[in-house]
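Architecture at a glance
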Amino acid sequence: MGNGGMGAVVCIRPDAVQIHFGHNSVWDIRVFEPSMKDLRTFGEVFAKVQAVDDKIRPSDDPWCKDYIHVCRDGYARPYPRPMPCGTLILGFDRREAEALGYRLDIATGTCEVYFLIGGRRRTLQVVVDMQQDHLWLRMLDQAGKAAPAPFNRVRLLPDPETPRDLPPFSPCNNESAGVLGFRQVTSHLPPPPEGSTPPYAASHPKDRAFRLSVRVPGRLSKKGYLNGHGTWLDMGPLECVLEGAAPFVVVAKLDQGLASDLPDAPADLPQPDWASFESAAGATVESWREYWAKSAVSLGDPLLEEVWYRNLYFLNCSARAGVTCPGLFANWSFRSIGAAWHGDYHMNYNTQQPFWVTFSSNHLDKHLPYVDLVDHLLPVSQAWARDYYGLRGAFFPHSAYPVEMNVMPYPVPTWGWEVCETPWTVQSLWWHWLYSQDKDFLARRAFEPIRQAVLFLVDYMMRPEARGPQWGDDRYHIFPTVPPELYGLSEGLKFNRDCLADLTLTKFVFRAFLDACRILGCQQEQQELAGKVQAILDRFPPYPTADSPRGKVFVSAPGETCEMVYNYPVSVMTVFPGEEHGLDSPPDQLALAANSYRQQQNEGGNDLVALNLPAARLGMLDLERFKRQIRYCMLPNGTCTDLAMQAHGRYYDTNHFDFMAPMGVWFENFALPVVVNECLMQSYNGTIRLFPNWPMEQRAAFQTLRAVGAFLVSAACADGAVQWVEVHSEAGGLLRVVNPWPAAVRCVIDGKATVCEGAVLQVQTSPGQTVRFTKA
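Here goes a summary of the coordinates provided.

Cut-offs and rules
- Residues numbered from 1 in each chain as written.
- Predicted model: local features only at pLDDT ≥ 70, side-chain atom pairs only at ≥ 80, totals over all residues.
- Heavy atoms only, no water.
- Helix = DSSP H or I, 4+ residues; strand = E, 2+ residues; numbered from the N terminus.
- Rg over C-alpha atoms; globule rule 2.2 N^0.38 Å.
- Contact = heavy atoms within 4.5 Å.
- Lys, Arg positive; Asp, Glu negative; His and termini not counted.
- Charge placed at Lys NZ, Arg CZ, Asp CG, Glu CD.
- Salt bridge = Lys/Arg side-chain N within 4 Å of Asp/Glu carboxyl O.
- Buried < 20%, exposed > 50% of the residue type's maximum accessible area, 1.4 Å probe, protein only.
- Axes fitted to C-alpha atoms, helices over the stretch in contact; angles between N-to-C directions.
- Parallel < 35°, antiparallel > 145°, perpendicular 65-115°, else oblique.
- Left-handed = near helix turned anticlockwise from the far one by under 90°.
- Nonpolar A, V, L, I, M, F, W, Y, C, P; charged D, E, K, R; others polar.
- Pairing = 2+ DSSP bridges.
- Expected span 1.5 Å × (residues − 1).
- Polar contact = N/O pair within 3.5 Å; in protein donor to acceptor, adjacent residues only side chain to side chain.
- Arc of directions from axis to C-beta.
- Phe/Tyr/Trp six-rings, centres within 6.5 Å; stacked < 30°, edge-to-face > 60°.
- Lys NZ or Arg CZ within 6 Å of the ring centre and 35° of its normal.

1. Some thoughts on the overall build of the protein chain
Scanning the protein chain from terminus to terminus reveals 14 helices and 35 strands. Taken over the C-alpha trace, the protein chain has a radius of gyration of 28 Å; the compact-globule value for 776 residues is 28 Å, and the two agree within 12%. Seen through its C-alpha atoms, the protein chain measures out along the principal axes to roughly 85 × 75 × 55 Å. Of the contacts formed within the protein chain by residues at least 6 apart in sequence, a portion of 68% connects residues at least 24 apart. Side-chain charges of the protein chain comprise 70 positive and 84 negative groups, with the mean position of each set lying 3 Å from the other.

Written out as structure tokens, the structure is:
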């Protein structure tokens, strides 16, 4: 459960209900950064790498090995990371009550936990306030009336793995008012040397804190209990007995912010009564109703329909405008769950992927946390381009944190040299414009980050090392670079130039920049940069290819074998996210992309969305096989984890293929509905194509999926044919729809019917106009 900021995990155990809390904005914010004097400039490192014998990998060279160790030192620390915010435990006597199970209603965001008490069924309802970081609980009898609860104790448990070098938590109780709480400071400064006193950092003006509190009806009191040795023990400071048998309503609250703004005192919680619960629950139901009204699907395939709705439910729980962008595991964490790879931002697909679904699913506001993240990363990315590369613009990082950074967190000349991450970081800003036609957004939020990325890419490709007689051509090359988490630095840097990921994403962003200049009317102001962009596009490197048993295919880097097992499905990146190839491509290019999909091998863990989405774009996705992969990855709570798919890449027969499953809830896989959307409707090139990867004999309908051009599209198919199409134009403009019927089409606009013909139906629309197509 969650509201886009606060996350809550409801767990049922035989003697208690426990709820783990987390928050996108609550992190262990400490960061250890090497100084730039400890790091060498790109020019210095590149010279050392080029001097290595081309028969060995640079990482095996003594100097390079030592330098890589220096670069990894900061990332090797256990912080920053998401900070679990503690657990609420409501215990009961198993002799008096039995927990039967639970049900989550994703339509209303309500969780119900079922009990058997005295032979009668009772229900505990759990609701998360979608605007405030509050969680509400109440107990109902079989008639849905207020009822006492079986709970005999309440406890707040600070996370058991809170680092010992942070200040200890402080209780914030008011037992006479039924309030338990604790406050935890997350220090800005890294810990002092081992053995120092105190064992945690001194206070700092940038320290942050959170406070988890719970309020129950009536008073709280203490009571002893027996341990396994028969010894009576006292309850701790955050555990109490619930007194009285009043109707059970409880509210929990999670506060967070600067430590100086969050007092070490009991929280101000609302009165936990029936009316307050009703008010909070009613607002939550209305919030979910508005969310689900944005778009909908009705599919003849129950699993794909469930996957579509369930993952959009989780997206709404984990991301919200104005709240810190979720990391790898969103706002759910407990102990070490959610801490792998710091739970941070990986900018070579992991961070971008969950936001792919926001566009076609018509949830543009869910993209805004990512836009804020780009703003957060821009200053350090500009500094890195200037201080490390000696170039203009911004070089965006491989890994990053939502905390104050002065140096790239992972400046290692392997994944840290992935050039593709710079255009990839800013790509979705252009998509936001394409799908919204919001010119103000383009001018205020998108253009400058895109321009900064383009500045760096232009300067990088125009360096003497990237162009000249040594290349034997007149092209501008991307060198050195690294394919997404593949090879690192190879012998003689043979696989470290003109990688497919870099080329297709750079071309995408270059073209976006030129179009943005035209749309915003700043061609004159950007003439110098635009001229260089065009010069590079005119002499752009060819995409690397290889011959395979299935024909010519794309590969990740020039000279690579077609049998490489990829970490990320790089060979289909020109289809997506590059958006250069698809069903409208010339036959030879379509065949090349299709061969690349058939030939590719992927180790898994990064392909549940990223491989199946390009397949849908090509009209080649086997839906039954896709569903089998979903079932393979699906956990009991309905989320899909990352699982390995094959050995002989970076994995071996001795690896556990589910090693990523216990790490947490993988935020990236909430993008699964976008694969379904692309099967139902495509619009990436400005022309709407209906049901391009759907079996037409199977029923399907969708409502207000968003298309490029700010068109909201609804349609249905059954019995082998499209039944109807309706398009609402938000911004006006030329509507283009691939004719889904072999003959003339009846087109109704503003109540007036006309007949349209041709392979592509074209209608000039006005803002707010709706166009309906049916077979004539």
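2. Focus on the pattern of salt bridges
Evaluated as defined, the whole model comprises 35 salt bridges. Measuring nitrogen to oxygen at the nearest pair gives 3.1 Å for the salt bridge that ties D255 to R211. Placement of the pair is D255 in strand β18 (residues 249-258) and R211 in strand β13 (residues 208-215), with a sequence separation of 44 residues. In this structure, D255 and R211 share a single accessibility class: buried.

3. Focus on the packing of helix α7 (residues 421-436) against helix α8 (residues 439-461)
α8 packs onto α7 with a crossing angle of 155° between their chain directions and a minimal axis gap of 9 Å. Classified by the angle their axes make, α7 and α8 are roughly antiparallel. When you trace α7 past α8, the crossing you get is left-handed. Contact with α7, carried on its side by T422, P423, V426, L429, W430, H432 and W433, involves K439, F441, L442, R445, A446, P449, I450, A453 and L457 of α8 and no other residues of that element. Each residue belonging to the contact of α7 with α8 can be placed in one class, and the counts come to 12 nonpolar, 2 polar and 2 charged.

4. Some thoughts on the sheet that holds strand β2 (residues 16-23)
Spatially, the 6 strands line up as an open sheet ordered β1-β2-β5-β10-β17-β14, and their pairing is antiparallel. Strand pairing shows two members of the sheet lacking a second neighbour, β1 (6-13) and β14 (220-221), which therefore form its edges. As defined by bridge partners, strand β5 (residues 87-92) adjoins strand β10 (residues 151-157) across 6 bridges and the pair is classed as antiparallel. Bridging from a neighbouring strand, I89 pairs with R155 of β10.

5. A look at helix α4 (residues 302-318)
Taking 1.5 Å per residue, 17 residues should reach 24 Å; α4 reaches 24 Å between its end C-alpha atoms and fits that length. The buried fraction of α4 is high, at 12 of 17 residues. Every buried residue of α4 is listed here: L303, L304, V307, W308, N311, L312, Y313, F314, L315, N316, C317 and S318. You can read the cap of α4 off the contacts: a side-chain oxygen lies 3.2 Å from the backbone nitrogen of L303, and it is on D301.

6. Points about the sheet that holds strand β35 (residues 770-775)
Backbone-to-backbone hydrogen bonds join strands into a sheet, with any given pair of strands oriented parallel or antiparallel. Reading across from one edge, β19-β28-β29-β30-β35-β32-β33 is the order of the 7 strands in this open sheet, with antiparallel pairing throughout. Strands with a single pairing partner mark the edges of an open sheet, and in this sheet they are β19 (296-299) and β33 (752-756). Ignoring strand direction, the axes of neighbouring strands in this sheet form an average angle of 20°. Relative to β19, α4 is tilted by about 165°, and along the sheet it contacts β19 and β28 (700-707).

7. Topic: the environment of K752
The topology assignment puts K752 in strand β33. Residue K752 is classed as exposed on the basis of its relative accessible area of 64%. Along the sequence, K752 and V771 sit 19 residues apart, while their C-alpha atoms lie 9.9 Å from each other.

8. Some words on helix α1 (residues 42-50)
Burial in α1 covers these residues: F42, V45, F46 and V49. Buried residues along α1 cover an arc of 100° about the axis, so they all sit on one side. Tucked into the core, α1 has its buried residues touching α2 (62-72), α6 (368-389) and α8.

9. Side note on the environment of P484
Within the fold, P484 resides in the loop between α8 and α9 (500-520). Put simply, P484 and G244 are 240 residues apart on the chain and 60 Å apart in space, counted from C-alpha to C-alpha. Once residues lying within four places of it in the same chain are set aside, the contact partners of P484 are N348, E418, C420, A501, N567, Y568 and V570.

10. Here we look at the packing of aromatic side chains
One pass over the structure, following the stated rule, counts 52 aromatic pairs. Residues Y75 and Y410 carry aromatic rings whose centres are separated by 5.2 Å and whose planes lie at 80° to one another, so their mutual orientation is edge-to-face. Here Y75 is found in the loop between α2 and β4 (81-82), whereas its partner Y410 is found in the loop between β21 (399-400) and α7, with 335 residues between them in sequence. One exposure class covers both Y75 and Y410, and it is buried. Through pairs of rings, three or more aromatic residues link up here, namely W288, Y291, W292, W308, Y309, Y313, F314, W332, F355, Y370, F667 and F670. Over the face of the ring belonging to Y114 we find R121, whose NZ or CZ atom lies 4.3 Å from the ring centre. Across from the ring centre of Y460, 4.4 Å away, lies the NZ or CZ of R463, which sits over that ring.

11. Thoughts on the pairing of strand β9 (residues 134-140)
Within β9, 7 of the 7 residues are buried, leaving the element largely enclosed by the surrounding structure. The side-chain alternation of β9 yields two buried faces, one formed by H134, W136, R138 and L140 and the other by L135, L137 and M139. One ladder, built from 6 bridges, connects strand β8 (residues 120-128) with β9; its direction is antiparallel. By the bridge assignment, V127 is partnered in β9 with W136. Hairpin connection of β8 to β9: 5 residues between the antiparallel strands. In this sheet, β18 lies alongside β9 in antiparallel orientation, the contact comprising 5 bridges.

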